[in-house]
Amino acid sequence: MHVAHILHHIKWRFASLTPLQRVCVVLIVATQVLIFAMVTYYGGDQILHSLARLAAWISHSKLGILILYISMTVCALPPMHGFTTCITLFGMAFASTDAHATISEQVYTLLYAWFLATIGLVLSACISMMVLRRVLHHLHGQWQMLARLREDRRFQALQRAITEHGLVMATLARFCPLPFCYTNLLLASLDSLSFGTFALSTFITAPRLIFPLFMGAKIYELSDRDMRDSLDPMSQRMNAAFIFVSMLFAVASSWFIWHRTRRALHLDQLPSDEEEPSLSLDDVL
């Protein structure tokens, strides 16, 4: 019964979309199916090795950083996903070291990659802010999803919190469980948030990039066949464990901070204004 209710809700939501939105949904689903088919056909090892070769080319190319910055900017705009993938690729290209590098060399390389990725983070977020503010201004009153979102009491509570607490609440809002592009959309739609506060709050959350960058470095060591062959079995198992722990810690820390933020805003106690099924902040947060 629960499954039937979910399927009915998905069907109702898809039917309520505009033709262009339906095309976007179909393209996204088709892309996911294509990726799954490629992994099944070629095998994960071949795809990861190809990804490692791409990362190696980016790290040695004069246009490598520029390509990653452009990719990050594109993924910072909805409905594009893949920002974390870009950061992971950043780690594969610039945070990986030789198999026999010392701890200090590994730390230095990771911090260098973090510095480069932080520039891309702030740059892509600021560009997305300017683009989204302009788009939202021209679509004022015409985008039903945003109109419903603005009427939700949870959204209004977040708006008031940012007005009252400014930078602190804007920074905490960055930890909401949303893709980077939709977090940008959410913050860009807050009239009380200034451009400077938006940029600074993005910069403050830059330390979180350490996790995907570190994961990217370890993934490269396991994906590149030459690098993997130079590692003993224990080192390979340690790298796999590092990847898992980093992913777990990143998800857990973000969930904990956002859970505390929701409680501080009393978002869990605020009822939605609409009785009929409609888009509310529950769909986003």
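Details of the structure are given in the entry above.
Okay, so let's go over this structure. (Residues numbered from 1 in each chain as written. Predicted model: local features only at pLDDT ≥ 70, side-chain atom pairs only at ≥ 80, totals over all residues. Heavy atoms only, no water.)

### Some words on the overall build of the protein chain
Short version of the rule: In this text, helices come from DSSP runs of H or I with a minimum length of four residues, and strands from runs of E with a minimum of two, each type numbered from the N-terminal end. Each residue gets one of three labels from its accessible area relative to the maximum for its type: buried under 20%, exposed over 50%, partly exposed in between, using a 1.4 Å probe on protein chains only.
Of the regular secondary structure elements, the protein chain holds 14 helices and zero strands. Traced from its N-terminal end to its C-terminal end, the protein chain shows the element sequence α-α-α-α-α-α-α-α-α-α-α-α-α-α. The buried share of the protein chain, reckoned over its 285 residues, is 38%.

### Looking at the side chain of Thr183
What counts, and what does not: In what follows, residue pairs with any heavy atoms lying within 4.5 Å of each other are defined as contacts.
Relative to the assigned elements, Thr183 resides in helix H10 (residues 180–188). When near neighbours in sequence (up to four residues on either side) are disregarded, Thr183 contacts Ala173, Arg174, Cys176 and Leu178.

### As for the pattern of salt bridges
Note the cut-off: Salt bridge, as used here, is a side-chain nitrogen of Lys or Arg placed within 4 Å of a carboxyl oxygen of Asp or Glu.
Across all of its chains, the model carries one salt bridge by this definition. The shortest N-O distance in the salt bridge between Lys218 and Glu221 comes to 3.8 Å. Taken together, the positions of Lys218 and Glu221, both in helix H12 (residues 210–223) and three residues apart, correspond to about one turn of that helix. Taken individually, Lys218 and Glu221 each receive the classification buried, so the pair is uniform in this respect.

### Examining H12
An α-helical segment advances 3.6 residues per turn. Residues three or four places apart therefore align on the same side. Operational definition: A helix is expected to reach a length of 1.5 Å times the quantity of its residues less one.
End to end, H12 covers 20 Å across 14 residues, agreeing with the expected 20 Å (1.5 Å per residue, within 8%). By the criterion of burial, H12 is predominantly enclosed, with 10 of the 14 residues buried. If you check which residues of H12 are buried, you get Pro212, Leu213, Met215, Gly216, Ala217, Lys218, Ile219, Tyr220, Glu221 and Ser223.

### Comments concerning the environment of Met130
Tracing the chain through its elements places Met130 in helix H6 (residues 103–138). Residue Met130 is classed as partly exposed on the basis of its relative accessible area, which comes to 49%. Through-space distance from the C-alpha of Met130 to that of Ala188 is 8.3 Å; in sequence the pair is 58 residues apart.

### Thoughts on the state of the cysteines
As a reminder of what qualifies: Criterion for a disulfide: a pair of cysteine sulfur atoms at a distance within 2.5 Å.
Taken as a whole, this structure holds zero disulfides when the rule is applied. The closest cysteine sulfur to the non-disulfide-bonded Cys86 is located on Cys75, 3.9 Å from its own sulfur. Residue Cys86 is classed as buried on the basis of its relative accessible area of 8%.

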